[in-house]
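# Notes for the structure review
Listed below, chain by chain, are the residues.
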Amino acid sequence: MNSNNPFFKSKAFNNTSRADEAVHQATVIDYNDTMSVSGTINKSFIMLLLLIASAAITWMMTFNGYNPIVLTIGGAIVGFVLVLISVFKPQYSPYLAPGYAVFEGLFIGGISAIFEVMYPGIVIQAVSCTFVTFIVCFGLYKYGVVKVNERFRSVVVAATLAIATYYLISWLLSMFTSFVPVHHGNSLISIGISVFVIVIAALNLFLDFDQIEKGAEQKLPKYMEWFGAMGLMITLVWLYIEFLRLLSKISSRDYFR
């Protein structure tokens, strides 16, 4: 994420003995070639539209009697691969981010349809919860109620890594043994874990907002708008999936009463 801004590479920062010459040799910043908050927001909307459009494919397949499992799983795998590539090659984000939105949309549409068949009305509830959480977090960040400092960032990142590690270990154990993860089922402990994960996912939104704002302040390259939008979309997808899981657990408890 080093800035390629020509201003910071100007000889004006390397030659202080001749100020006049340095001023004449300085390169003027072209703000059209640097990251901006508005540009990132626009690209986030583009990614959201792409995700919704592709999600409609596997959603309609399910309710038309077709099995969307191949596209659903394939979309999740390809989306994950694109995220990994973007981490190491952020300059390719203008191509990777839209691709991620399309393939992740296939996954979201398929998984949403499955949950909707099992628990009618759950999708609109999960979408509403995700939207409300995003608005609340954005408002808290915008008006300075929640400030992202190093301690806040460290705690959220550590908690996120702990959750990812727990999910990975649980998945591996359940694949090769008879181990049943604690977060499975609809017990109160399982519901409590889902609530905790949702809180951590929501806190990651503050990190996304801060990254976008800091990137714009540092005049990062224009392609970082796509990178920032992609990070925000990843968090929203995670938050939405966790809401689906939580609501399904609560609905199943009500169903068996």
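All of these numbers come straight from a predicted model, not from anything done at the bench.

## Some thoughts on the overall build of the protein chain
If you tally the helices and strands in the protein chain, you get eight helices and zero strands. In the protein chain, the succession of helices and strands from N to C terminus is α-α-α-α-α-α-α-α. Put simply, the protein chain has 257 residues, and 42% of those count as buried. Here the contacts in the protein chain between residues at least 6 apart in sequence split such that 81% fall between residues at least 24 apart. Accessible surface, the protein chain as shown: approximately 14,800 Å² in total, 70% of it carbon and sulfur.

## Thoughts on the nonpolar core
One broad trend across soluble globular proteins is that nonpolar side chains are buried collectively. Core analysis: the biggest nonpolar cluster contains 44 residues, and Met47, Tyr100 and Ile241 have the highest contact counts within it. Among the elements that make up this core, the one with the highest residue count is helix 8 (residues 224-255) (14 residues). Excluding residues that lie within four positions of it along the chain, Tyr100 makes contacts with Met47, Gly79, Leu82, Val83, Gly105, Met230, Met233, Ile234 and Val237. Formed by five residues, the second largest nonpolar core is a distinct cluster that contains Met35, Ile212, Met224 and Phe227.

## Considerations on the packing of aromatic side chains
Evaluated as defined, the whole model comprises seven aromatic pairs. Both rings, one in Phe134 and one in Phe209, keep their centres 5.7 Å apart while their planes meet at 70°; by these two values the pair is edge-to-face. Remark: Phe209 occurs in helix 7 (residues 188-217) and Phe134 occurs in helix 5 (residues 122-142); sequence separation between them is 75 residues. Ring plane angle 80° and centroid distance 5.6 Å describe the contact between Phe138 and Phe209, whose orientation is recorded as edge-to-face. Pair noted here: Phe138 is in helix 5 and Phe209 is in helix 7, with a separation of 71 residues, a long-range link. The class for Phe138 is partly exposed, based on a relative accessible area of 37%. Here the aromatic residues Phe134, Phe138, Tyr141 and Phe209 are joined through ring pairs into a cluster of three or more.

## Quick notes on the environment of Trp226
Here Trp226 is to be found in helix 8. A residue is classified by how much of its surface remains accessible, and Trp226, at 14% relative accessible area, is buried. Ignoring anything within four residues of it in the chain, the contact list for Trp226 reads Lys43, Ile46, Met47, Ser93, Pro94, Ala97 and Pro98.

## A closer look at a nonpolar patch on the surface
On the surface, a cluster of nonpolar side chains totalling about 1,000 Å² of accessible area is made up of Ile69, Val70, Ile73, Ile77, Phe80, Val81, Leu84, Ile85, Tyr92 and Tyr95. Of all the elements, helix 3 (residues 69-88) adds the most residues to the nonpolar patch, at eight residues. Its place among the elements puts Tyr95 in helix 4 (residues 93-118).

## Looking at the confidence of the model for the protein chain
Scored by pLDDT, the protein chain comes out at a mean of 86, with 86% of its residues at no less than 70. Mean pLDDT across the elements of the protein chain bottoms out in helix 1 (residues 19-25) (42) and peaks in helix 5 (96). This stretch, residues 1-30, has a pLDDT under 50; its non-local contacts, to residues over four places away or in other chains, come to 31 contacts.

## With respect to the side chain of Ser194
If you trace the backbone, Ser194 turns up in helix 7. Those residues in contact with Ser194, other than ones at most four positions away along the chain, are Leu246 and Lys249.

## Overview of the layout of surface pockets
In this approach a probe as big as a water molecule rolls over the atoms, and the regions it shows empty are the leftover space. Roughly 2,000 Å³ of volume is contained in the largest pocket. Lining the largest pocket are 42 residues, and of these Phe80, Ala164, Tyr167, Ile234 and Trp238 sit closest to its centre. At the level of elements, helix 3, helix 4, helix 6 (150-176), helix 7 and helix 8 are the ones that each hand at least two residues to the lining of the largest pocket. Of the residues contributing to the lining of the largest pocket, the split by class is 25 nonpolar, twelve polar and five charged. Space inside the second largest pocket adds up to approximately 1,100 Å³. Forming the boundary of the second largest pocket are 38 residues, of which Leu48, Phe134, Leu232, Met233 and Leu236 lie nearest the centre. Those elements that provide at least two residues to the lining of the second largest pocket are helix 2 (37-63), helix 4, helix 5, helix 7 and helix 8. The leading source of residues in the lining of the second largest pocket is helix 2, at eleven residues. For the lining of the second largest pocket, the class distribution of residues is 27 nonpolar, six polar and five charged.

Conventions we followed
Residues numbered from 1 in each chain as written. Predicted model: local features only at pLDDT ≥ 70, side-chain atom pairs only at ≥ 80, totals over all residues. Heavy atoms only, no water. Helix = DSSP H or I, 4+ residues; strand = E, 2+ residues; numbered from the N terminus. Buried < 20%, exposed > 50% of the residue type's maximum accessible area, 1.4 Å probe, protein only. Contact = heavy atoms within 4.5 Å. Areas by Shrake-Rupley, 256 points an atom, 1.4 Å probe, with all protein chains shown as cover. Core = buried A, V, L, I, M, F, W, Y, C linked by side-chain atoms within 4.5 Å. Phe/Tyr/Trp six-rings, centres within 6.5 Å; stacked < 30°, edge-to-face > 60°. Patch = residues over 30% accessible without salt bridge, like charges linked within 9 Å, V, L, I, M, F, W, Y side chains within 5 Å. Salt bridge = Lys/Arg side-chain N within 4 Å of Asp/Glu carboxyl O. pLDDT = per-residue confidence, 0-100. 1 Å grid on protein atoms, 1.4 Å probe; cavity = no way out; pocket = protein on both sides within 12 Å on 5 of 7 lines; lining within 4 Å. Points joined across faces, edges and corners; volume = space filled by probe spheres on them. Nonpolar A, V, L, I, M, F, W, Y, C, P; charged D, E, K, R; others polar.

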